[in-house]
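Survey of secondary and tertiary structure
Given next are the chains, with one letter for each unit.
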Amino acid sequence: MDKNQTVSGLSMAERREKGLLWIDTGENLNQQVYARGLCQEFNQTRPEETEKRKEIWKKLFASCGEDSWIEPPLTLAMGNTVSIGDGTYINSNLTLVDDYKITIGKNVLIAPNVTISGTNHPMYYKARPRGEMYCKEVVIEDHVWIASNVTILPGVTIGDHSIIGAGSVVTKDIPPNVIAFGHPAEVHREITEEDEIFYDHGKRISEHIVLDIHG
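Fair warning: this is a prediction, and the values are worked out from it, not measured in the lab. (Residues numbered from 1 in each chain as written. Predicted model: local features only at pLDDT ≥ 70, side-chain atom pairs only at ≥ 80, totals over all residues. Heavy atoms only, no water.)

Under the definition given, this model contains eight salt bridges. We note a salt bridge from Arg 46 to Glu 48, for which the minimum N-O separation is 2.7 Å. (Salt bridge = Lys/Arg side-chain N within 4 Å of Asp/Glu carboxyl O.)

Our focus in this paragraph is a nonpolar patch on the surface. Taken together, the side chains of Tyr 89, Leu 109 and Trp 145 define a hydrophobic patch exposed on the protein surface, amounting to about 290 Å² of accessible area. Relative to the helices and strands, Tyr 89 is located in strand β7 (residues 89–90). (Patch = residues over 30% accessible without salt bridge, like charges linked within 9 Å, V, L, I, M, F, W, Y side chains within 5 Å. Areas by Shrake-Rupley, 256 points an atom, 1.4 Å probe, with all protein chains shown as cover. Helix = DSSP H or I, 4+ residues; strand = E, 2+ residues; numbered from the N terminus.)

Let's shift gears to the UniProt feature "domain: Maltose/galactoside acetyltransferase" (unreviewed entry) in the protein chain. The feature "domain: Maltose/galactoside acetyltransferase" (unreviewed entry), as annotated in UniProt, sits at residues 16–66 in this numbering. Secondary structure across residues 16–66 comprises 61% helix and 4% strand; the distance between its end C-alpha atoms is 30 Å. (UniProt positions renumbered as here; feature names shortened; annotations may be inferred.)

With respect to the helices, strands and loops of the structure, Arg 53 is situated in helix α3 (residues 50–60). It turns out Arg 53 is buried and unbridged, and the closest side chain with the opposite charge, Glu 71, is 4.3 Å from it. When residues no more than four places from it in sequence are discounted, the contact partners of Arg 53 are Phe 42, Thr 45, Arg 46, Pro 47, Trp 69, Ile 70, Glu 71 and Pro 72. (Buried < 20%, exposed > 50% of the residue type's maximum accessible area, 1.4 Å probe, protein only. Lys, Arg positive; Asp, Glu negative; His and termini not counted. Contact = heavy atoms within 4.5 Å.)

Of note, Asp 99 is situated in the loop between β8 (94–97) and β9 (102–104). Summary of buried charges: Asp 99 has no salt-bridge partner, and the nearest side chain of opposite charge, Arg 16, is 6.8 Å away. Within the local environment of Asp 99, its side chain forms a polar contact with the side chain of Thr 119, the two groups lying 2.8 Å apart. Each residue touching Asp 99, except ones within four places of it in the same chain, is listed here: Arg 16, Trp 22, Gln 32, Met 78, Thr 81, Thr 119, Met 133 and Cys 135. (Polar contact = N/O pair within 3.5 Å; in protein donor to acceptor, adjacent residues only side chain to side chain.)

In structure tokens:
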């Protein structure tokens, strides 16, 4: 389908923006070829090639903040729909289903084998003969920690400072300053002042590392 072709007077890009069903256009497919080529190039870099990796990120993402780091391998489709804030660390094997906007904030920690998807398909099989899909933005706010093997579904926002436990499937918004886990993920408890003092079963943060936790 030509990129300018419309359905009900709306282009595919406009339909995607409004959360309506859309299909890939030639423009999208060209971007995917470009982005996946850059991604393959990134995944083949050596550990000491830090500057080369950073140059690839500049071409690949809408933005990638200062002092952020991504460990290969990385899998994505579009690249230019993804924004990453300053100081964020992404461990190996992140999968981004990024046909639409994915925003990752500042100082986020993402553990291995995480999937973040902004895309879904209709449940009824006759509604997806050409891969029809619809998209919702995913937002991971600042200072969030996503543990290993987490899946985050379309339309989800995870609030500042929250933690998502290993193996969780996040199907709905998670508020700030909580620990959530499960399948589907549910809030288990708030992060409290006690967490500012102890990091593990009575072990004090101040006895092991010097940091400004109020900064």
